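Reading the structure
Read off the chains here:
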Amino acid sequence: QVQLVESGGGLVQPGGSLRLSCAASGSGFSISAMGWYRQAPGKQRELVGRITSIGTTNYAESLKGRFTISRNAPNTLYLQMNSLKPEDTAVYYCNADVLERKHGAYITTAYWGQGTQVTVSS
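Attention in this report is confined to the structure presented alongside it. Just so we're clear, the structure is a prediction, and the values are computed from it rather than from any experiment. (Residues numbered from 1 in each chain as written. Predicted model: local features only at pLDDT ≥ 70, side-chain atom pairs only at ≥ 80, totals over all residues. Heavy atoms only, no water.)

**What about the side chain of Arg66?**
- Topologically, Arg66 is positioned in the loop between β6 (57-59) and β7 (67-72).
- One polar contact links Arg66 to Asp88, side chain to side chain, over a distance of 2.8 Å.
- If sequence neighbours within four positions are ignored, Arg66 has contacts with Gln80, Met81, Asn82, Ser83, Leu84, Lys85 and Asp88. (Helix = DSSP H or I, 4+ residues; strand = E, 2+ residues; numbered from the N terminus. Polar contact = N/O pair within 3.5 Å; in protein donor to acceptor, adjacent residues only side chain to side chain. Contact = heavy atoms within 4.5 Å.)

Right under this line is the structure:
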């Protein structure tokens, strides 16, 4: 199966920057879209940003201008986070919508990484 592995999380001071990476591995698949989501303790998982195979991006409105999502073809996803705030503290998850052939049919399956912790604190 497809595996997603995030990296780049850690502790950063308010106002600082951090760059997250997500690498997809496996065989016999193609990715139609990838995205970053985050989940803070006691809160639901929320969208950070997504990017399609043609480069169209979508961000949570509150994060526009601070966070930038990008892809390094074919299967690497990045999240550049600037001007970080304590409320950005969360586990950040990589997501990929993967086109696969199962039981004779092509389907799109959502895959998730294990998450990487981002802590913004003085």
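**Remarks on the environment of Arg19**
- Topologically, Arg19 is positioned in strand β3 (residues 18-25).
- Classification of Arg19 by relative accessible area gives partly exposed; the value is 46%.
- Residues Arg19 and Val48, spaced 29 residues apart in sequence, show a C-alpha to C-alpha distance of 14 Å.
- With residues near it in sequence (within four places) discarded, Arg19 still touches Ser7, Gly8, Tyr78, Leu79 and Gln80. (Buried < 20%, exposed > 50% of the residue type's maximum accessible area, 1.4 Å probe, protein only.)

**What to know about the sheet that holds strand β1 (residues 3-7)**
- Pairing in this open sheet of 4 strands is antiparallel, and the strands run β1-β3-β8-β7 from one edge to the other. Only two strands of the sheet have a single neighbouring strand rather than two, namely β1 and β7. This sheet shows a mean twist of 15° between the axes of neighbouring strands, independent of strand direction.
- Where β1 meets β3, 5 bridges bridge the pair, whose relative direction is antiparallel. (Pairing = 2+ DSSP bridges. Axes fitted to C-alpha atoms, helices over the stretch in contact; angles between N-to-C directions.)

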